[in-house]
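# Observations on the three-dimensional arrangement
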Amino acid sequence: MLLNIVHGTESGGFIVVEDTVKYSGREILKCFINAAIKRGEDVHVLGFETSEAELRAGLDSSSGQKIHFHKGHPDPLGWTCKSSVTVQQFNTPDITRLVQNTPHTKAAVLIVDSLSFILRHHQPVVICRSLQELKKVGVVKTIVGLLHSDLHLQGVVKSVCHLANAVISVAPANNEHCGVAKTTRRTKSGKLMQEEEYFDVSEDAALSVKTRTHQPGHVQTEPDKPKADPTSNLTFNLRLSKKEKEAKEKVALPFVFSQEKKSALLRPTPGTGRITYEPDAYDDFDEEDPDDDLDV
Amino acid sequence: MAVPGIGMAGPAGVNTTSFQKKSRSKLVSIPGTRPSVQNGQLIVSTGVTSLDYVIGGGLAVGTLLLVEEDRYDSYSRMLLKYFLAEGVVCGHEVFLASDRDHPDEIMQELPSPIVDEVGSVKTKEGQAQPCDQENQDTMTIAWRYQNQPKVQNALASSVRFGHYYDVSKTMEPEVRQAVKCHSFYALQESPTTTELSLLSSPYHALLQSIQSVIRKEGFDVSTPQSKVRNVLRLGLHSLGSPLWGDDLCCTDNPTHCHALTTFLYALRGLLRTSLSVAVVTVPSHLMQNKSVMGQIIRLSDTAIALESFRGSEKETNPLYKDYHGLLHVRQVPRLNCLVCEVPDTKDLAFKLKRKQFTIERLHLPPDLSETVSRVSKIELAGGCGTTATGNKHLDF
């Protein structure tokens, strides 16, 4: 599923790459850029955390003009007016203008590196609204944002992830060189898909999914211990041969009735029960009132 | 407490006379409503028959149902769509406010009603039928039990109320457009908060919008009855999420911590004096401050919470394998009386079949696997400390 999302086979929207200090999600971000270029789409990068050179390293240099790097790194708050974009410009009209400045043939991809930086300088509520507006306005097909989840309050992280169509959380794998990505994707119909995969990013920002880990939540079945069979060495016979079995089947058991009798017994007979009693010669039938000696 | 002039059973509920019954039957003239069996309140269906049963027959007109959203908002959204679809089918007016998706998009996804009602009833009866031909052969020893009716999990009242819907299909646009639909989209409102009003601006605008619909379309009970009365169904999606300009979800002590509660208070006042009924969904799993959530529940009449198994460890629990989530009834309304209708069981679960969303009593499925009971027996024997624990094979 990670590959599908990165390569854009599943329709865009807002994608959050969630990482922590233990494992950087920027490699995945590069994969998104790489995949978008290969599809021939324009990529707009709002870079607040890394320089352009660092981000371009490893990417295909021939298609460099497809990447529109909006430099926010040297001066993110616009104090010395060195940057082409500042944190304050993260709102729908400004970004729409930024993206539409360059003519596009295809829908563009907006990469935000990173959302964490922006969230530190804006109200989270405002950011959430801007992101949703950008998604609705449709100037960009896909928004991919990097979010350092250990820098924010739990509520902020949850709120931003709640808006996303897909959340990719990366973490280091236990003993291997690759990382583990937990992908949660919500389809348009409201269905939810989750998968955990081991992935590896090569030098030229190509993503390869190594193995799928077991489904999250699925408890791994512990290997069955060879159980001692209590019937293995007995001093008497517990098993039946085929012939013996047949003979056993033939024996009619008590209270096992034929189909007809069963259905007759099971047939509901509502309110038809009647007691009929015919007194015989030996019956001592008393005509007198049995209670007449009582002092009533 | 409820709408004056509608729930006539109010203060005089003690001595029920035939006179009251007459006045009640006059009120049932609104399609899709009926008086409640318990307190004579005019009720409407939520669209999910089993949910109606759980909350005591249906939603009383003039009250508010709070739905705490599940983690990924898939089932709460479905409940909202059921509620609106029921309104469309009954010819009620509909008001929908949403934040993430445009209200029109949600309206387009409404489930299609199952028109062939006789058929659906037939299948229901088929399930309740004692047993079918193939099962007859299976019981050889305990055959006397084979005509016993199966345990019925599905909750339904004896009287049909509300419609059944097929979630795999969407409603015909013609059917949908036959009713008047008002909508409100939170993102279109400006995010600036006005200092003058207690409410932050999207809530304020929403309240005004609801108010104007109620006034203009004549849902207000105080206005003289001029035309045929109808019910207004309000669906408010994801109130309190950041897109409503509310930071309840982001921080522990939000700047406008009373914005949503003030809104709900005003809304409930509005509902009480009008022929309207509201379903509000709230992303309670995002709320950081639990006391605010408690206040929100207290400000609503009926409150239920959906807990989806998706992404939680309960997903693989064998106890829950037949279900998609749990339904918690947080609050049942006390309308015109001191006690409320207590649901007979609190263990409720919901599941989404291919076509239908239902709520059932949660019960343990029979454990048919051989290993489970055997293992537990061995463990039991070990616990008792009998002599047989040491060697695994039988010794005679």
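A quick note: this is a predicted structure, and the numbers were derived from the prediction, not measured.

### Some points on unusual backbone geometry
Glycine aside, the phi torsion of most residues is negative, and most peptide linkages are trans. In this structure, the amide linkage connecting A:Asp113 to the following residue, A:Ser114, adopts the cis form with an omega of 0 degrees. With respect to the secondary-structure elements, A:Ser114 resides in the loop between strand E4 (108-113) and helix H5 (115-121). Its identity is not glycine, yet B:Asp73 carries a phi of approximately 55 degrees, on the positive side. Looking at the element boundaries, B:Asp73 is found in the loop between strand E4 (64-68) and helix H3 (75-90). Judged by relative accessible area, B:Asp73 falls into the buried class, the value being 3%. Notably, B:Ser238 is not glycine yet its phi reads approximately 55 degrees, a positive angle. Within the element layout of this structure, B:Ser238 appears in the loop between strand E9 (232-236) and helix H9 (259-272). Here B:Ser238 falls in the buried class, since its relative accessible area comes to 2%.

### With respect to the pattern of salt bridges
Residue and element names in this part refer to chain A. Going through the model one piece at a time under the given rule, you end up with 20 salt bridges over all chains. Ionic pairing is found between Arg-26 and Glu-49, a salt bridge with its closest N-O pair at 2.7 Å. Taken as a pair, Arg-26 in helix H2 (residues 26-38) and Glu-49 in the loop between strand E2 (43-47) and helix H3 (52-56) lie far apart in primary sequence, 23 residues in all. Exposure remark for Glu-49: the relative accessible area of 26% places this residue in the partly exposed category.

### Section: the confidence of the model for chain A
On average, chain A scores 82 in pLDDT, and the residues at 70 or more come to 90%. Low pLDDT, under 50, characterises residues 216-222 of chain A; the stretch is placed with 5 contacts to residues that sit more than four places away or in other chains.

### Observations concerning the sheet that holds strand E11 (residues 302-308) of chain B
Residue and element names in this part refer to chain B. Here we have 9 strands laid out as an open sheet, ordered E8-E5-E9-E10-E4-E11-E12-E13-E14, and mixed in their pairing. At either end of the open sheet lies a strand with only one pairing partner, and these are strand E8 (181-185) and strand E14 (357-361). Across the sheet, the mean angle from the axis of one strand to that of its neighbour is 20 degrees, orientation sign disregarded. As paired elements, strand E12 (residues 325-331) and strand E13 (residues 348-352) share 3 bridges and run antiparallel to each other. If you follow Gly-325 over to E13, its bridge partner there is Phe-350. Most of the contacts of H3 go to E9, to which it runs at about 165 degrees, and overall it touches E4, strand E5 (93-98), E9, strand E10 (276-282), E11, E13 and E14.

About the criteria used
- Residues numbered from 1 in each chain as written.
- Chains lettered and ligands numbered in written order.
- Predicted model: local features only at pLDDT ≥ 70, side-chain atom pairs only at ≥ 80, totals over all residues.
- Heavy atoms only, no water.
- Helix = DSSP H or I, 4+ residues; strand = E, 2+ residues; numbered from the N terminus.
- Buried < 20%, exposed > 50% of the residue type's maximum accessible area, 1.4 Å probe, protein only.
- Salt bridge = Lys/Arg side-chain N within 4 Å of Asp/Glu carboxyl O.
- pLDDT = per-residue confidence, 0-100.
- Contact = heavy atoms within 4.5 Å.
- Pairing = 2+ DSSP bridges.
- Axes fitted to C-alpha atoms, helices over the stretch in contact; angles between N-to-C directions.

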